[in-house]
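# Structure assessment
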Amino acid sequence: MLRGIREQPEETPQPAPRRIFHERQRITGLPLYFQGYLSVRQSRCQEFQVYWTELRGTMLFFYDDKKAPMYSQKSDLSALTSATDVYPDENGSARFVLMLSNGELQLKADDFECGKEWKGFILTVTKLSVPADESLLPGQLKRMHEVLEKEKKRRIVLNCSSEPLNRESSPSSTLTAMPACFYAVSRQKAAEMLEKNPSCGNLILRPGSDSKNYAITVRHKLDAPCLKHYKVMSNGTSYIIQLERQVILPSLQDVVSYFVTETQGSLKPFVLQTHTAKDPAL
C-alpha cells in the first residue's frame with residue numbers, strides 16, 4: 001500500500017544532489033530516464049498520494065522525500081498493456097491510467113503538459129518506440145529518442161548477461177545489483193518476514209533506520225528463535241559491519257557472504273519464492 005499523503009510542493013522540481021543520485025543508481029542498478037512529482041493511487045476508492053518519482057529502466061520508483069536515497073515503493077511497468085489518454089481533472093491537474101497485467105495504476109501530474117511528458121517517456125521505454133503524439137514538443141521528442149536508444153542498449157546488455165554463463169564471469173552485474181535478500185522494509189517487517197517464512201532463509205538486508213545506511217536482520221535457531229540486527233555503514237566506497245571488531249568490505253554482496261561464511265552456512269539469504277512478494281511494490 002502506498003502511504004504518506006502530503007501536499008505537493010509548488011517549487012519547480014530540481015534533480016537530487018549528486019550524492020543521492022549515485023546512491024539511488026547503486027541501489028536500483030537502473031539508469032535514470034525521467035523524474036518529477038507524481039500523485040499515485042491504485043484504485044478509485046483510495047486518495048492520491050504524492051511521491052518524488054523516478055523512471056529507471058521500465059520501473060517507477062517512488063520516494064517519500066526528494067532527497068531520500070531509498071525508495072519506499074516501486075512499480076514494474078514491463079507488463080504494461082495499455083495507457084489511457086491524458087485528461088484534465090477539475091483541479092487543473094492531468095490524469096492518466098496505466099493498465100498492467102496485475103491491475104491498474106492511476107497517475108496524476110501537475111498539468112496537461114507534464115502528464116503528456118510522463119506518459120510519453122513511459123511508453124517509450126515499455127514499447128521501445130517513441131509515441132506518435134503530435135502535441136509533444138520537439139525538445140521532448142528529442143529526449144525521448146535519446147532515452148529510447150539508451151533503453152535498447154540496456155536490453156541488449158541484459159539479454160546477453162542472462163544467457164547461461166558462469167555467474168562469476170559477470171562481475172559487473174554483481175557490482176551494480178542489490179543482493180537478492182535486500183528488501184525495502186522496516187526492522188519490524190523484516191522480523192515478521194523471517195518468522196512467517198522460515199523456509200525462505202534467515203538473513204535479510206534492509207535499509208537502516210536513518211535511510212542512509214543498511215542493516216542485517218537475522219533469525220537464529222538456537223534453543224529458541226533469536227532475532228539479531230547488525231548495522232552496516234556506507235562510506236561511499238565500502239561497507240562497514242558494526243561488530244566488536246569492525247569488518248570492512250567492498251560491496252553489499254560481500255557483506256551478505258561474510259555472514260554466511262562466518263556462520264558456516266547456518267545463516268542463509270532470505271529470498272521469497274514469488275517476485276510479487278519481493279517487497280511492498282505497487
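You'll find the structure just up there.
Read on for a plain summary of the structure. (Residues numbered from 1 in each chain as written. Predicted model: local features only at pLDDT ≥ 70, side-chain atom pairs only at ≥ 80, totals over all residues. Heavy atoms only, no water.)

Okay, the pairing of strand β10 (residues 214-221) next. Within β10, seven of the eight residues are buried, which leaves the element mostly enclosed by the surrounding structure. In this sheet, β10 lies alongside strand β9 (residues 203-207) in antiparallel orientation, the contact comprising five bridges. Across the sheet, P207 pairs through a bridge with Y214, a residue of β10. (Buried < 20%, exposed > 50% of the residue type's maximum accessible area, 1.4 Å probe, protein only. Helix = DSSP H or I, 4+ residues; strand = E, 2+ residues; numbered from the N terminus. Pairing = 2+ DSSP bridges.)

What helix α5 (residues 187-196) keeps buried is the set A190, A191, M193 and L194. For α5, the buried positions fall inside an angular range of 160° around the axis, keeping them on one side. Residues of α5 that are exposed and point more than 90 degrees away from the buried face comprise Q188, E195 and K196. Among the structural elements, β9, β10 and β11 (225-234) are those in contact with the buried residues of α5. (Arc of directions from axis to C-beta. Contact = heavy atoms within 4.5 Å.)

Assignment of secondary structure puts N202 in the loop between α5 and β9. Along the chain, N202 and K268 lie 66 residues apart, while their C-alpha atoms are 5.5 Å from each other. Apart from residues no more than four positions distant in its own chain, N202 is found in contact with L194, T217, V218, R219, S266, L267, K268 and F270.

Relative to the helices and strands, S238 is located in the loop between β11 and β12 (239-241). Beyond its immediate stretch of four places on either side in the chain, S238 contacts M233, I248, L249 and P250.

What follows covers helix α1 (residues 18-28). Buried residues of α1: I20, E23, R24, I27 and T28, and no others. For α1, the angular spread of buried residues about the axis comes to 120°, placing them on one side. Exposed side chains of α1 directed beyond 90 degrees from the buried face belong to R18 and R19. Count one or two residues on from α1 and you reach G29, which has phi positive near 70°.

The subject of this paragraph is unusual backbone geometry. Not every positive phi belongs to a glycine, and L128 is a case in point at roughly 55°. Inspection of the secondary structure assignment puts L128 in the loop between α2 (112-127) and α3 (138-161).

The buried fraction of strand β2 (residues 49-56) is high, at eight of eight residues. Here β2 shows no split at all, with Q49, Y51, T53 and L55 on one side and V50, W52, E54 and R56 on the other all buried. Note that strand β1 (residues 32-41) and β2 share eight bridges and pair antiparallel. The residue bridging L32 from the neighbouring strand is R56, located in β2. As judged from the five bridges shared by β2 and strand β3 (residues 59-63), these two strands associate in the antiparallel manner. In the sheet register, L55 faces β3, and the bridge partner there is L60. Between β2 and β3, which pair antiparallel and follow one another directly, the connecting turn spans two residues, one of which, G57, has a positive phi of 60°.

Time to look at the sheet that holds β9. Judged by pairing direction, the sheet is antiparallel, and its five strands sit side by side in the order β9-β10-β11-β12-β13 without closing on themselves. Edge strands, defined here as strands with exactly one partner in the open sheet, are β9 and β13 (247-249). Ignoring which end each strand starts from, the neighbouring axes of this sheet average 25° apart. The pairing of β11 with β12 spans three bridges and is classified as antiparallel. (Axes fitted to C-alpha atoms, helices over the stretch in contact; angles between N-to-C directions.)

That's the geometry; what it means functionally is another story.
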